[in-house]
Amino acid sequence: LLGIESLEDGESIAVGYYYGELCFSQEETVNGNEIKLISNGSDDALIVKYNDNGKVEWAKSFGNIGRDNFYKIKKIEDEYILIGTFQYDFVVNGEDTKDGNQIVLTNTSTYNSVIIRMNNDGKIISAQSINTNNANYLKDIIVKDDGYIVVGQVNASFTISAENTVSGTDEVIDLIGNNDG
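Residues numbered from 1 in each chain as written. Predicted model: local features only at pLDDT ≥ 70, side-chain atom pairs only at ≥ 80, totals over all residues. Heavy atoms only, no water.

Peer 1: Which residues make up the pairing of strand β3 (residues 35-50), and what values go with them?
Peer 2: Burial analysis of β3 places twelve of its 16 residues in the buried class, which makes it a mostly covered element. The pairing of β3 with strand β4 (residues 56-62) spans six bridges and is antiparallel. Along β4, the bridge assignment pairs Ile47 with Lys60. Linking β3 back to β4 in an antiparallel pair, the connection comprises five residues, with Gly54 at a positive phi of about 80°. (Buried < 20%, exposed > 50% of the residue type's maximum accessible area, 1.4 Å probe, protein only. Helix = DSSP H or I, 4+ residues; strand = E, 2+ residues; numbered from the N terminus. Pairing = 2+ DSSP bridges.)

In structure tokens form, the structure reads like this:
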């Protein structure tokens, strides 16, 4: 696990990655059912919600054939912002999204960063990638009253939208998002 967010009610949500098979036994879960996750390739991104007694409420994984991971998670109002990277296409199945539609983010380089908005039930509201012609990594989230800032590094030019392009070597990324993403 690479990041954890403690919640006001004593619960917490952790993010990171795993490889192979990850199993939470009946004794480790809130409902007494085993949770078993199997990675789709190399590392898969991981989200685990724990109750105030440290038992797993739910666990979800996201990934494709390459290395996918989440670095940080932060609570903003009644949603969460997650950041991570993905090696090949990043896929979220419809059962894991708020609207039931599958999300596919296409990778254009070695590693691309992803910014995810998730609701309290663990359903993905939106996902956007930062596409570059070389690897980029988002590593931190700073919460502000009116939104958030994500910080990372890119070794080439990057594009978030047609209006926002920065180029250079080892540029530091500071992206500002509002509470609507």
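After that view, the rundown keeps rolling.
Peer 1: Residues and numbers for the pattern of salt bridges, please.
Peer 2: Counted according to the given criterion, the structure contains seven salt bridges. For Glu11, the salt bridge goes to Lys49, with nearest N and O atoms at 3.3 Å. With Glu11 in the loop between β1 (3-6) and β2 (12-24) and Lys49 in strand β3, this pair connects stretches of sequence that are 38 residues apart. For Lys49, a relative accessible area of 8% gives the class buried. Measuring nitrogen to oxygen at the nearest pair gives 3.8 Å for the salt bridge that ties Asp43 to Arg67. Residue Asp43 is found in strand β3, and its partner Arg67 is found in the loop between β4 and β5 (68-76); the two are separated by 24 residues along the sequence. On the basis of relative accessibility, which here comes to 42%, the residue Arg67 falls in the partly exposed class. (Salt bridge = Lys/Arg side-chain N within 4 Å of Asp/Glu carboxyl O.)

Peer 1: So what's going on with the packing of aromatic side chains? Residues and values would help.
Peer 2: According to the stated counting rule, one finds four aromatic pairs in the structure shown. Look at Phe70 and Phe90: their rings are 6.2 Å apart centre to centre, the planes differ by 65°, and that puts the pair in the edge-to-face class. Here Phe70 is found in strand β5, whereas its partner Phe90 is found in strand β7 (residues 90-92), with 20 residues between them in sequence. Here Phe90 falls in the buried class, since its relative accessible area comes to 1%. Through a chain of ring-to-ring contacts, three or more aromatic side chains come together here, namely Phe62, Phe70, Phe86 and Phe90. (Phe/Tyr/Trp six-rings, centres within 6.5 Å; stacked < 30°, edge-to-face > 60°.)

Peer 1: Let's hear about the confidence of the model for the chain: which residues, and what values?
Peer 2: One rule of thumb: low pLDDT means the predicted coordinates there are not for detailed reading. On average, residues of the chain score 82 in pLDDT, and 85% of them reach the 70 mark or higher. Of all the helices and strands in the chain, strand β14 (residues 164-166) carries the lowest mean pLDDT, 40, while β2 carries the highest, 95. (pLDDT = per-residue confidence, 0-100.)

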